[in-house]
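Geometric and topological summary
So you can see what is in the structure, the chains are spelled out below.
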There are 4 protein chains.
Amino acid sequence: MSGNTFGNLFAVTNFGESHGPAIGCVIDGCPPGMDLCEADIQADLDRRRPGTSRHVTQRNELDAVEILSGVYQGKTTGTPICLLIKNTDQRSKDYGNILETFRPGHADYAYLHKYGLRDPRGGGRSSARLAAGAVAKKWLLGQYGTTFKGCMTQVGDEAIPFESWDHVANNPFFAPCADVSKLEAYMDALRKAGDSCGARIRVTASNVPVGLGEPLYDKLDADIAHAMMGINAVKGVEIGAGFASVTQRGSTHGDGLAPEGFQSNNAGGVLGGISTGQDLEVSIAIKPTSSIITPRQSIDTAGNPAEVVTKGRHDPCVGIRATPIAEALLALVVMDHALRHRAQNADVVVSTPDIMRSRLKPV
Amino acid sequence: MSGNTFGNLFAVTNFGESHGPAIGCVIDGCPPGMDLCEADIQADLDRRRPGTSRHVTQRNELDAVEILSGVYQGKTTGTPICLLIKNTDQRSKDYGNILETFRPGHADYAYLHKYGLRDPRGGGRSSARLAAGAVAKKWLLGQYGTTFKGCMTQVGDEAIPFESWDHVANNPFFAPCADVSKLEAYMDALRKAGDSCGARIRVTASNVPVGLGEPLYDKLDADIAHAMMGINAVKGVEIGAGFASVTQRGSTHGDGLAPEGFQSNNAGGVLGGISTGQDLEVSIAIKPTSSIITPRQSIDTAGNPAEVVTKGRHDPCVGIRATPIAEALLALVVMDHALRHRAQNADVVVSTPDIMRSRLKPV
Amino acid sequence: MSGNTFGNLFAVTNFGESHGPAIGCVIDGCPPGMDLCEADIQADLDRRRPGTSRHVTQRNELDAVEILSGVYQGKTTGTPICLLIKNTDQRSKDYGNILETFRPGHADYAYLHKYGLRDPRGGGRSSARLAAGAVAKKWLLGQYGTTFKGCMTQVGDEAIPFESWDHVANNPFFAPCADVSKLEAYMDALRKAGDSCGARIRVTASNVPVGLGEPLYDKLDADIAHAMMGINAVKGVEIGAGFASVTQRGSTHGDGLAPEGFQSNNAGGVLGGISTGQDLEVSIAIKPTSSIITPRQSIDTAGNPAEVVTKGRHDPCVGIRATPIAEALLALVVMDHALRHRAQNADVVVSTPDIMRSRLKPV
Amino acid sequence: MSGNTFGNLFAVTNFGESHGPAIGCVIDGCPPGMDLCEADIQADLDRRRPGTSRHVTQRNELDAVEILSGVYQGKTTGTPICLLIKNTDQRSKDYGNILETFRPGHADYAYLHKYGLRDPRGGGRSSARLAAGAVAKKWLLGQYGTTFKGCMTQVGDEAIPFESWDHVANNPFFAPCADVSKLEAYMDALRKAGDSCGARIRVTASNVPVGLGEPLYDKLDADIAHAMMGINAVKGVEIGAGFASVTQRGSTHGDGLAPEGFQSNNAGGVLGGISTGQDLEVSIAIKPTSSIITPRQSIDTAGNPAEVVTKGRHDPCVGIRATPIAEALLALVVMDHALRHRAQNADVVVSTPDIMRSRLKPV
């Protein structure tokens, strides 16, 4: 209830500071009997490792995950799975004057007023979210054939054309296009200017069973919005047509149904808060990195005016490494709702054919 | 956990069908000793009553709220407050062929697959959310001076200029402008065409204490996104600069701090998931009404092709009546986090001045 | 989270004051498609109606339940079920000096210090718990053939011999013996003395599926203990051998297993927090009624010494009407864990035969 | 929600297997700014270390706790505190035929049917509960002066006289008497007989603030019962007079009030589910150890009859080491309710004097 647990039945509790001894999470509620080993999780962690291109921070975090509990002889046991990622680069760091002033666009000021103190070691626990997401993904793939994909669709002023999902793994931007030279030039210019920019990310899930989501408050899309807005630096979330639906007519927006499936996907896979079996389509806006070397006006902890310059290694666009996180969070939402759904509705029999079902594994 | 309860410490559980005998909610966790009577709640219900203009459904719902429990001699007692709104217009209705086909853009299909049956009486429990929101608003106003405001900023293709909050109460659109003749003409044309359109709504909260929100999953903005995306027909949520932050530079987006307050509000009042004391700024996209008289292609419950035409009284733009709902949900989020915050941090002492505090009542 | 909701997946939220306009509950998470009508629930309410013997309070509460939502055409829809019990005897009552002093053994003092005020209309919401329990019982009976029974095993100094469950319905004590004349004489003497006494109640559940319960904190027996200790006036809870297990040897206490079932039931149907398929066996201690006419020493709300005499109609043994409540709570615990279990473990295949299973309906 | 998290606002999530690489817990919701180091926690762990007398298992678990997160420069930060206890004795163990048969009185059979598999490494996570309890104790002591004490009051047939709390730390039984030679002889005889026995434990809390607990389901005593029954092997829980209240008269049981305090404590510190400020008094029954060398009748995993003998090092009375666990759980319940109480009721002003308050620190 204190905000560091995600999910109700597939419940992930995170802990750790970026520059502390370790980060990790505890997954409670994973179904038993699933094959699971460190390698299943490590692959997702490696996708967003820093230091893999000149466009992201050069810190060399190894992010090697250990399974401390909940797995016996290679199978999940149904008890809590603790995933631990030790920090191998935990030297005594010089945090400079970070604790004496407040960085504009950063949570410094809000933290200090909430807790009365600040921990400069950083709250980033993204890797632990990736790790938990990897477990959810594996179960959903085995159970329903559900898959998750994500890509960057815009960085700063540069819209990125969608050519193919195949390109995403071949460039540091998670861009779905073959040629990223324009993006590289854009980022280089930005770094040179000592500034940062925002980004837009798209994530999807395919082969999602129909019927997931609770129709009032915990709608599937509401929980997706909660998950996405909870990612650091996210300022906007869209499902399906999103803000474009403001100018759509009802006759256009409403996706027609036919025996062989839906005929469009303005809904983004969710109607009335419940999955339809179409692909979930989510888009998020990520704000520019707040830690930049351009001097800015602020105050110090005594409340007096102060100029702030943030030195050190920081991604000029935090959005670049956000794609795998967004995929992981989407997987956690779907996973939790899959378990919630069968808790209440495991006995439901429906005579109407599932028009999207051909793709799903038998449940 | 089944999705009909909102909030953790100020927990609102909703029940009821639009055309059933009654709707209502139970509020658990309201602080004791607050003055509360039906009139405190009724005002908010009346703001979105149907039948008050030609642009919304002509059903005449009285929406008179009764307090069944939790209040003694005009004061909240700290026990659950049950708010009941009886349906005075509950005649036996002809639902036509609604149960035999699936309306495009409507939750029919997803519901049937989730539950194995459908209740045509409607799941709308918006009034109950308004009622709960009214209680939260009253407490927050008394405790911190917090206030909530909302308006429509776009309807279909028509952007609505912001002139003043004062206009909002004077027109059926919750439009912040003096002259709504263009909007009226637009809606009239739409109704004549048998079609519907989307809308964009803005809601704000002022005098929000600094420090509300949990920094990882249950960020204040994450919980706002959950609440907003849970409103019927919402497809997108923005906080502060929202999707505009994609093309902003970090040097622009990061709001400067000065001893007398923040110098801009791209953050929308939240940094790192924690309130800064600035106004909360939220914007949402609402899709066009799915129930329209234009014929559309669908299937019937046997899975065969069918043409669907939805008759009956429906708002051509569901967004028109959404503004008070969005305000109410924002109040519920702030209320819950105010209680969560003091549970953990009631003892915190901060020497740094609260640069936004002058406006707050002493806590 | 404020303590008026019971259960996680079959979540029951209670509201109402004994002498207020109505009491009731909202059940969220009931599986859809179950036949349900008022009569299914009313029978359980009637079992503990006051005024049915001279040994319980003579208030004439009708306790007629209404289903306000969540049921359509006689079937549960999967949405929240609101059960309302209006108070037909809600005359303006004279609460005398109840609000000016504190009754020994009563929650007056603690309430005032918690909430800063007191509501003399009473917090008793037992009927609503019975109503929710009736829904759970019906589902469990239909799903697994699970049944619940309870009886009084001791009242004050009088131990009650167990002769047969058949007698329980034939006397006002829920006593499992044919001749209750000794109990009647005991109660008459007690009433004449202006005093009250405690009681001991036994409740059981048969045909409970194996595997319910979470092994660490939310053990099935832990949640039973929570439920039972939450009943008004309960001061002790035992599972199976209970306190007798202190003096048992391990060689006696451990129930042997054989292909045809367990050979004893010291465990009370729970091992390691998980149901074994044996009958759940629970015993509870109920303290004497605190509202008695014998004068006692106390203080007034100013903190000065005061003598307290409680007039009005009160059961001389609150335990007499507790049996159906304990059954209802046991049903709520089993129901919630049945849903929790299948959420996580619906796919589990076990080759070992369920040695208690012959009695269960196919799942 | 999967049963491995305890508490709502001071939420402790446990993980780990007794013979796995590590056990631990994550505490979410700890107030910030409290001094905390490993030594604060280690003392409580050491109290129940095995191998410290001949009456408990000779395994040499070091149980050295590490703080992985949530503490910076010796102070809690308000973020999750991960406490890790590595298993230094994690050799590859021979589990013999444990996985092929079911031990009478043990959870083997229930586990296999729940999860479809069994992990022989053991689910015991008691040390992690002690660790979390130590954090709660420290905060409560600093905030209110609350203290926790526990002792054994009976082992098998031997009732243990209460002489003084001072003796508890001086013998391996947590016995409150000077001479434990009779207990030692009793345990020696039991071990020689290859059998085991039960025990009875008493735990108390002093200087508990008045007003903790939620009056309906989450009563303070209900949550205590949940916590205590969740300790391994507990079969019964009493609050205050407990089962003795069955034969008490109301005129005796109801504790009189006077300006200087309550005049007795049959209530055990809780009335109507809310703390009164008196000492919390709890008593629990612990069943005999199920792992004994006496042969017993059971079945194997194929469902065929089998004789079971449990070899290896096992405490002949698991109750001997349960006292610190019960104290820790009581502290966790009080801690969680202290935060819950102030979330809702921080503003409450009461004019009636707190008759127990003199002992409390100013809040």
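Residues numbered from 1 in each chain as written. Chains lettered and ligands numbered in written order. Predicted model: local features only at pLDDT ≥ 70, side-chain atom pairs only at ≥ 80, totals over all residues. Heavy atoms only, no water.

Some thoughts on unusual backbone geometry
Unusually for a residue other than glycine, F174 of chain A sits at a positive phi of about 60°. Along the chain, F174 of chain A turns up in the loop between strand 9 (158–159) and helix 4 (181–192). F174 of chain A gets classed as buried once you look at its relative accessible area, which sits at 7%. For N207 of chain C, which is not a glycine, the phi torsion comes out positive at approximately 60°. (Helix = DSSP H or I, 4+ residues; strand = E, 2+ residues; numbered from the N terminus. Buried < 20%, exposed > 50% of the residue type's maximum accessible area, 1.4 Å probe, protein only.)

Here's the deal with the relation of the copies chain A and chain B
You can overlay chain A on chain B at an RMSD of 0.0 Å; the transform is a turn of 180° with a shift of 0.0 Å along its axis. The transformation relating the two chain copies, once decomposed into turn and shift, fits a two-fold axis. Considering only C-alpha atoms, the residue of chain A closest to the rotation axis is H226 of chain A, which sits at 2.3 Å. The share of interface residues of chain A whose copies in chain B are also at the interface is 100%, consistent with both copies meeting through the same surface. (Least-squares fit on C-alpha atoms with pLDDT ≥ 70 in both. Contact = heavy atoms within 4.5 Å.)

Some details on the environment of A175 of chain C
Residues and elements named next belong to chain C. By the element assignment, A175 lies in the loop between strand 9 (158–159) and helix 4 (181–192). Look at A175 and you get buried, because its relative accessible area is 0%. Residues A175 and H113, 62 residues apart in the sequence, show an inter-C-alpha distance of 39 Å. Filtering out sequence-adjacent residues up to four positions away, A175 remains in contact with M152, I160, H167, V168, V180 and L183.

Remarks on the pattern of salt bridges
Pairs can form between side chains of opposite charge whenever their charged atoms are close. Enumeration over the complete set of coordinates arrives at 80 salt bridges over all chains. The salt bridge partner of K182 of chain B is E158 of chain B, with a shortest N-O separation of 3.6 Å. In this pair, K182 of chain B sits in helix 4 (residues 181–192) while E158 of chain B sits in strand 9 (residues 158–159), placing the two residues 24 residues apart along the sequence. Taking the relative accessible area as the measure of exposure, E158 of chain B reaches 18% and is therefore buried. Overlapping salt bridges bring together D44, R47, K137 and E327 of chain A as one network. (Salt bridge = Lys/Arg side-chain N within 4 Å of Asp/Glu carboxyl O.)

Some words on the relation of the copies chain C and chain D
In the superposition of chain C on chain D (RMSD 0.0 Å, axial shift 0.0 Å), the rotation amounts to 180°. The overlap is high: 100% of the interface residues of chain C also sit at the interface in chain D, so the same surface is used on both sides.

Observations concerning the interface of chain C and chain D
Every contact between the two is made by 116 residues of chain C and, on the other side, 116 residues of chain D. Among the residues chain C hides against chain D, the three largest losses belong to K114, Y217 and K235 of chain C. Together they make up 10% of the total. On the surface where chain C and chain D come into contact, there are 4 salt bridges. Across the salt bridge formed by E214 of chain D and K114 of chain C, the nearest N and O atoms sit 3.9 Å from each other. If you look at where chain C meets chain D, you find 49 residue pairs in polar contact (both at pLDDT 80 or more). In terms of residue count, the dominant contributor to the side of chain C that touches chain D is helix 2 (residues 108–115) of chain C (7 residues). Looking at the side of chain C that touches chain D, its residues break down into 52 nonpolar, 45 polar and 19 charged. (Buried area = accessible area lost by both parts, 1.4 Å probe. Polar contact = N/O pair within 3.5 Å; in protein donor to acceptor, adjacent residues only side chain to side chain. Nonpolar A, V, L, I, M, F, W, Y, C, P; charged D, E, K, R; others polar.)

Here's the deal with the packing of aromatic side chains
Following the criterion strictly, the structure yields 26 aromatic pairs over all chains and no others. When the centroid spacing of 5.5 Å and the interplanar angle of 90° are considered together, the rings of F262 of chain C and Y109 of chain D count as edge-to-face. Here Y109 of chain D lies in helix 2 (residues 108–115) and F262 of chain C lies in strand 13 (residues 261–262), a pairing that spans two chains. Residue Y109 of chain D is classed as buried on the basis of its relative accessible area, which comes to 1%. With centroids separated by 5.7 Å and ring planes inclined at 55°, the aromatic side chains of Y111 of chain D and Y115 of chain D adopt a geometry described as tilted. (Phe/Tyr/Trp six-rings, centres within 6.5 Å; stacked < 30°, edge-to-face > 60°.)

Side note on the sheet that holds strand 3 (residues 22–28) of chain D
Residue and element names in this part refer to chain D. Reading across the sheet, the 5 strands line up as 1-2-3-7-4 and stay open at both edges, with antiparallel pairing between neighbours. Edge positions in the sheet fall to strand 1 (5–6) and strand 4 (65–67), since each of these pairs with one other strand and no more. Across 6 bridges, the pairing between strand 2 (residues 11–16) and strand 3 is antiparallel. Paired with T13 across the bridge in strand 3 is V26. (Pairing = 2+ DSSP bridges.)

Quick look at the interface of chain A and chain B
With 116 residues of chain A in contact, the opposing surface of chain B contributes 116 residues. For the pair chain A and chain B, the summed buried surface comes to about 9,200 Å²; carbon and sulfur atoms form 61% of the total. The largest per-residue losses of area from chain A upon contact with chain B belong to K114, Y217 and K235 of chain A, which jointly make up 10% of the total buried on that side. Linking chain A to chain B there are 4 salt bridges. Notably, a salt bridge pairs D157 of chain B with R249 of chain A, separated by 3.2 Å at the nearest N-O pair. Taken together, the connections running from chain A to chain B amount to 46 residue pairs in polar contact (both at pLDDT 80 or more). Sort the elements by how many residues they give to the side of chain A that touches chain B and helix 2 (residues 108–115) of chain A lands first, with 7 residues. The residue inventory of the side of chain A that touches chain B, partitioned by class, reads 52 nonpolar, 45 polar and 19 charged. Looking at chain direction, strand 11 (residues 234–239) of chain A and strand 11 (residues 234–239) of chain B are connected through 3 bridges and run antiparallel. By the bridge assignment, V237 of chain A is partnered in strand 11 of chain B with V237 of chain B.

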